[in-house]
Amino acid sequence: MKSEEILARRKQFVPDAIGIFNPSTAVSAKGALITDADGKEMIDFAGGIGVVNAGHCPAPVVEAIAAQAAKLIHCSFNVATYDLYMQLAEKLVSLLPHGEHTKVMLTNSGAESVENAIKIARQATGRPAVICYGGAFHGRTMMSMTLTSKVGYKLGCGPFAPEVYRIPFPDYYHEGNGADLDTFSDKHLRDLEDFFHTNVPASQVAAIIMEPVQGEGGFNVVPQKYLKGLRKLCDKYGILLILDEVQSGFGRTGKWAAYQHYDVIPDISTWAKSMGSGMPIGAVMGKAHIMDACKPSTIGGTYPGNPVCCAASLATLDYMEEININALGARVGQIVRDRFNAFKKQFSAIGDVRGLGAMMAFELIKNNDPFQPDADLCKKLISYCADHGLIVINAGINGNIIRVLSPLVIEESLLKKGLDIIEAGLHRLTKDYTDEATNEYNHMSTKSV
Ligand SMILES: Cc1ncc(COP(=O)(O)O)c(C=O)c1O
């Protein structure tokens, strides 16, 4: 088996610490299908971790990359100015205006966007502190890792950046205790005001950074009232609100930005993943006076906004508009949500179904107890799915959440087939398993989907 050989070579030449979410291999991909090293087609519910909302290798993006590569691959935007950078900036501003005048800094990745967002916020406010959330994931560079919550992502990497404070995410499933959502949100907002007296004065806080829907943290959706209240608190204290849309952006939730569901506009936002269909490109967007507060040469780099990546991103955004990516996100989301809700009724191992648009997940628990995460079942389900032609990945501080980040262009039949595989896996791996179910799923094709 070629796949086994490739995985063995990986073990020999690549550090073990580079994570493996899934035991699959890949040689080529199109739309929502990946062909592995053994020629087996796999339905992709991971989308390269939320990167290919517009599908694998969309033709206009492939063409744009090839054409640009033949013209100009690199000269560094710091050395010679090319218009593609501004074309992309203008496009992003037209889709995601941050007030009257918005400026854009391009980057190479999500973590780099977050690093720069913090540098910009500190310079614009002259304040040192940053507040982030429990369960947050913002990347693996030093500041973004500091902002990241899950200890497993940062073991042995400290000391971390100073002046970073963490508050609990308003996690209704685990902490709601039957309160209504608005009352729950009010309590969290009050706790934040208290935090300014017990931990760090508001006058020292440059920014609060939040994912409107936590990605790696397990698709926790911030409640409406909380985000609106947070916006008001930030305005009251002169704190900048940074929304990290790296995983939730570009159609994933059925809108260009998850924050557009909230009628809230951030001061600064961070982007990457699906904006380049897999080419390494990200962005920091912000109100012009904030972005312009930076001192010369404190932001930038050799590669950010590389011409080939800009061309890929422009072609991606045009293509997303052409196919109405947001409607596709809403459609995929509804199908997955309905099916996950049906699973929840069927399988007691599913404690919660949650998400926004097509950023959908379910949480696996033991003994109907939200505080007994079932990471083992989650791992087995991922492996079952891989054996049966579906790539799916987990999330969550405890690794017990199955999340869907499939390309949004996925055909309905393929989406349903993928969901069938998950259902069959749940039957096989939980007590709800019956002989009837075995027969029904035993003959399911694993070769070609
Ligand atoms: C919300 C969020 N921010 C930042 C990052 C880091 O992005 P990158 O892996 O491109 O550095 C991620 C990656 O998963 C993310 O989900």
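Our subject is the structure listed above.
Computed from a prediction, not measured in an experiment: that's the story for all the values here.

1. Some thoughts on the site of the ligand
If you check the shell around the ligand, you find Ser109, Gly110, Ala111, Phe137, His138, Gly139, Glu211, Glu216, Asp244, Val246, Gln247 and Lys273 and nothing else. Glycine 110 places a polar main-chain atom, nitrogen or oxygen, 2.8 Å from an oxygen atom of the ligand. A distance of 2.8 Å separates an oxygen atom of the ligand from a polar side-chain atom of glutamine 247. Taken by itself the ligand offers 390 Å² of open surface, and the protein chains cover 83% of this. Here the shell around the ligand is composed, by residue class, of three nonpolar, five polar and four charged.

2. With respect to the environment of isoleucine 401
Along the polypeptide, isoleucine 401 turns up in strand S16 (residues 401-404). Spatially, the C-alpha atoms of isoleucine 401 and methionine 1 are 30 Å apart, while their sequence positions differ by 400 residues. Residue contacts for isoleucine 401: discarding those within four places in its chain leaves Gly217, Gly218, Arg354, Ala361, Phe362, Glu363, Cys378, Ile393, Asn394, Ala395 and Gly396.

3. Let's talk about the sheet that holds strand S10 (residues 282-287)
Strand order in the open sheet formed by seven strands is S4-S10-S9-S8-S7-S5-S6, and the pairing between neighbours is mixed. A single partner strand is all that each edge strand has here, and the edge strands are strand S4 (102-107) and strand S6 (164-167). Ignoring which end each strand starts from, the neighbouring axes of this sheet average 20° apart. Sheet topology places strand S8 (residues 240-244) next to strand S9 (residues 268-271); three bridges connect them, and they run parallel. By the bridge assignment for S9, leucine 243 is matched with serine 269. On top of the sheet, helix H5 (residues 110-125) reaches S4, strand S5 (129-133), strand S7 (205-210), S8, S9 and S10; it is set at about 165° to S9, its chief contact.

Conventions adopted
- Residues numbered from 1 in each chain as written.
- Predicted model: local features only at pLDDT ≥ 70, side-chain atom pairs only at ≥ 80, totals over all residues.
- Heavy atoms only, no water.
- Near = heavy atom within 4 Å.
- Polar contact = N/O pair within 3.5 Å; in protein donor to acceptor, adjacent residues only side chain to side chain.
- Areas by Shrake-Rupley, 256 points an atom, 1.4 Å probe, with all protein chains shown as cover.
- Nonpolar A, V, L, I, M, F, W, Y, C, P; charged D, E, K, R; others polar.
- Helix = DSSP H or I, 4+ residues; strand = E, 2+ residues; numbered from the N terminus.
- Contact = heavy atoms within 4.5 Å.
- Pairing = 2+ DSSP bridges.
- Axes fitted to C-alpha atoms, helices over the stretch in contact; angles between N-to-C directions.

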